[in-house]
Structures are given as structure tokens and as C-alpha cells.
Amino acid sequence: MGKLVLPKDYRPIIDHVETQRAIKKIKDYFQQELAYGLQLRRVSAPLFVFPETGLNDNLNGYERRVNFTIKDIDEKQVEVVQSLAKWKRMALAKYEVEPGHGIYTDMNAIRRDEELDNIHSIYVDQWDWEKVITKDQRTDEFLEETVITIYNAMKNLGDYVNRLYRDIQIELPNEITFVTTQELEDKYPKNTPKEREKLAAKEFGAVFIKKIGGVLASGKKHDGRAPDYDDWELNGDIIVWNDVLDDALELSSMGIRVDKEAMERQCKIDGKEDRLSQSFHQSVLNNDVPLSIGGGIGQSRICMFFLQKAHIGEVQASVWPDDMIEACAEDNIFLL
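So, here's what we can say about the structure. (Residues numbered from 1 in each chain as written. Predicted model: local features only at pLDDT ≥ 70, side-chain atom pairs only at ≥ 80, totals over all residues. Heavy atoms only, no water.)

Brief notes about the packing of helix α1 (residues 16–38) against helix α3 (residues 140–164)
1) Next: Closest axis-to-axis distance for the α1/α3 pair is 9 Å, and the angle between their directions is 150 degrees. The pairing of α1 with α3 is recorded here as roughly antiparallel in orientation. Between α1 and α3 the crossing geometry is right-handed. Contact residues: α1 offers Lys25, Ile26, Tyr29, Phe30, Glu33, Leu34, Gly37 and Leu38, while α3 offers Thr146, Thr149, Ile150, Ala153, Met154, Asn156, Leu157, Tyr160, Val161 and Leu164. (Axes fitted to C-alpha atoms, helices over the stretch in contact; angles between N-to-C directions. Helix = DSSP H or I, 4+ residues; strand = E, 2+ residues; numbered from the N terminus. Parallel < 35°, antiparallel > 145°, perpendicular 65-115°, else oblique. Left-handed = near helix turned anticlockwise from the far one by under 90°. Contact = heavy atoms within 4.5 Å.)

Considering the packing of aromatic side chains
1) Next: Taken as a whole and assessed by the stated rule, the structure comprises five aromatic pairs.
2) Next: Aromatic pair phenylalanine 30 and tryptophan 127: ring centres 5.1 Å apart, planes at 45 degrees, arrangement tilted. Separated by 97 residues along the polypeptide, phenylalanine 30 in helix α1 and tryptophan 127 in strand β6 (residues 123–132) bring together distant segments of the chain. Neither phenylalanine 30 nor tryptophan 127 differs from the other in exposure class; each is buried.
3) Next: When the ring centre of phenylalanine 50 is taken as reference, the NZ or CZ atom of lysine 76 above it lies at 4.3 Å. (Phe/Tyr/Trp six-rings, centres within 6.5 Å; stacked < 30°, edge-to-face > 60°. Buried < 20%, exposed > 50% of the residue type's maximum accessible area, 1.4 Å probe, protein only. Lys NZ or Arg CZ within 6 Å of the ring centre and 35° of its normal.)

Points about the pairing of strand β3 (residues 67–70)
1) Next: Sheet analysis places β3 next to strand β4 (residues 76–80), joined by four bridges and oriented antiparallel. From the neighbouring strand, asparagine 67 faces β4, where its bridge partner is glutamate 79.
2) Next: Taking the residues between adjacent antiparallel strands as the criterion, β3 and β4 are bridged by five residues, where aspartate 74 takes a positive phi near 55 degrees. (Pairing = 2+ DSSP bridges.)

Notes on unusual backbone geometry
The phi torsion of most residues other than glycine is negative, and most of the peptide bonds are trans.
1) Next: A positive phi angle, near 60 degrees, is found at aspartate 9, a position not held by glycine.
2) Next: Within the element layout of this structure, aspartate 9 appears in the segment before α1.
3) Next: At glutamate 96, a residue that is not glycine, the phi angle is positive and equals roughly 50 degrees.
4) Next: On the basis of relative accessibility, which here comes to 67%, the residue glutamate 96 falls in the exposed class.

Some remarks on the state of the cysteines
1) Next: Under the defined criterion, the tally for this structure stands at zero disulfides.
2) Next: With no disulfide of its own, cysteine 328 lies closest to cysteine 303 among cysteine sulfurs, the gap being 18 Å. (Disulfide = S-S within 2.5 Å.)

What about the environment of valine 319?
1) Next: Looking at the element boundaries, valine 319 is found in the loop between α8 (299–306) and α9 (322–330).
2) Next: When the C-alpha positions of valine 319 and leucine 335 are compared, they lie 9.2 Å apart, and in sequence the two are 16 residues distant.

As for a negative patch on the surface
1) Next: Taken together, Asp322, Asp323, Glu326 and Glu330 make up a surface patch of like negative charges.
2) Next: Following the sequence through the fold, glutamate 330 ends up in helix α9. (Patch = residues over 30% accessible without salt bridge, like charges linked within 9 Å, V, L, I, M, F, W, Y side chains within 5 Å. Areas by Shrake-Rupley, 256 points an atom, 1.4 Å probe, with all protein chains shown as cover. Salt bridge = Lys/Arg side-chain N within 4 Å of Asp/Glu carboxyl O. Lys, Arg positive; Asp, Glu negative; His and termini not counted. Charge placed at Lys NZ, Arg CZ, Asp CG, Glu CD.)

With respect to the sheet that holds β3
1) Next: Taken in spatial order, the three strands make up an open sheet running β2-β4-β3, and their pairing is antiparallel. The open sheet is flanked by β2 (48–49) and β3, the only strands paired with a single partner.

Quick look at the side chain of asparagine 242
1) Next: By the element assignment, asparagine 242 lies in strand β9 (residues 230–242).
2) Next: Among the polar contacts listed, one links the side chain of asparagine 242 to the backbone nitrogen of leucine 245, at a separation of 3.4 Å.
3) Next: Among all residues touching asparagine 242, those that are not within four sequence positions of it are Asp247, Leu249, Met304 and Phe305. (Polar contact = N/O pair within 3.5 Å; in protein donor to acceptor, adjacent residues only side chain to side chain.)

See below:
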């Protein structure tokens, strides 16, 4: 079990029955805001893929993927997705999506190596989205414009939830603050990356931390990021301050995707050049898939944050250690 936070005098604002109603309202509202703001249309997505395609997200590279064999395909092995970062780019080509438009989908994953705590579950549910861009849009300015669009959708959702439940009053800053990982390291050189994120989120309320994956001046990385989907110079995370847990909360990870040059450079840096022979990577190297920007937005984390819940298990049915269930129940946190 990871580090469990038990907020003092915690009481859920709405009960578990009303929470179920609220979850549907929040998901319906937000995905409409997201689709309208980014010009996205919904598509269906896989729960599992063949490993040899290279379509599965390797995350930080050490997480074990859930796999099984299929009886009717000669016991061939498939893997449950860890995210759809690569699959979505192939889907853009398949659906012949034009620049300025994109797709979104409900992504469900199993991450068996997560350390379970207030915000981490082995079951991951998020909106995965991807949008076709032009070469001229592979810029920091375009990345920030897209972040602002998503953040505005979050602010609109906050206003909507505040109208639904008068005892819930979410107040996000009018604007999101942009800061790079190197700027955070320069400002807080003695703190760990997670501590820096917490300090920034507490100071600004909402931040987009840019340039994740590359090595900083200290010789260390702020955080791991696979070398074959995000361009490390053009990506980042949306992080907000969570009053209930008195901590930072990441709601979204996103970025402009690698082009041929960025993929080759980053795979070389990470010693992952063997991946370049896989079908997905070949499609990028041969320009068979469009340039794109994309990301994931946590559905349960969105619901948890905007309903002011103390544990992700209050808005998501999953499995938890017995001692966590008991400790939460004693603190009025009732897990689904």
C-alpha cells in the first residue's frame, strides 16, 4: 500500500448514491466541453493490443503489462493497454482526420504495479484524445494554446458542479501558470520533483509543468516519459492544488507527439533504438501517420477533484488492501 492520507474531520459532501449520479453528469458535461473546444469526435478504442505492434504505452519502462493468450488466434498473446498514446495516432491516419480536428475515446487500462493510495488505482480510466496538427504548429505557443483550451473546459466544469451542488464550491484560478521543469529545479534545487510540483501547485493553484522526460542541469530527470510518443521539449502535465488532500493533483498529461527526428533522438538517448523496427515506429519514421498533439485526462481524478472526495475509490470501483479499506472507513471514506 502506498502512502494513504486521511484528512482530519473529513465528511463527504454528497453521499455514495448521489455521487453515482454526479459522476455521470460530470463525465457527460466535460467530454462535450472537451470535444467542442478541441474539435474532436468520439471513436471506439481497444482494451488490448498485440505487443509486437509497438502500440502499447511503455510508460516508464519498468511497469509489468497484463497479458493473456487468445484461444481462437492460435494462443497468440495480447497485452492490456497501459494507455493509448500511440494507438490514437494510428487511428488519426485510419480515419483520415484533417489538421485542426481530432478524436477522443474512453480509455480503460490496468496498471498492476501502481502503488495504491488516495489518487492511484490499478484501474485507470481517462479520456484519451489526439488531434492532427501541421508542421508549423509544433511549437511551444501552440502547446500552450491547447492547454488553455483544456483548462477552460475544466473551469467551465467547475462552474457547472458548483451550480449542481451548492455545498461544493471549486475555485480554480482564472488562468493556468506555465513553468518548465528546469525552472522548477532552479527555484527549488534541494527539493525532489514531486515536492517541486506540490510547491508550484500550492503557489499558483493550477500549473502546466513543461518539458518532461529530458535530463535537467542536475543530470537527473524530473520524471520518466517514454521516448517514442511525446516530444520531451513540447509536453507537460496539468496539475492543480487539491485542498482536500493538501497536495498537488495531476489531472492531465499531454504533449506534441514526436516527429521522425525527435523519435530517433529520444530513443537513442534512452537506449531504446530497438523499438524503431516495430510497426508503429516505422509508420512515424516513414511519415505514414500525421503529426499530432494529444494526451489523457483522468476521468476518476476529475470526478474526485470536482466532487471534493478524499480517495479515488469514492468515485471508482476497484480493489484495495483490507487495511486501506478499514482505515478509510474509520475516517468516513467509503470506497466503492
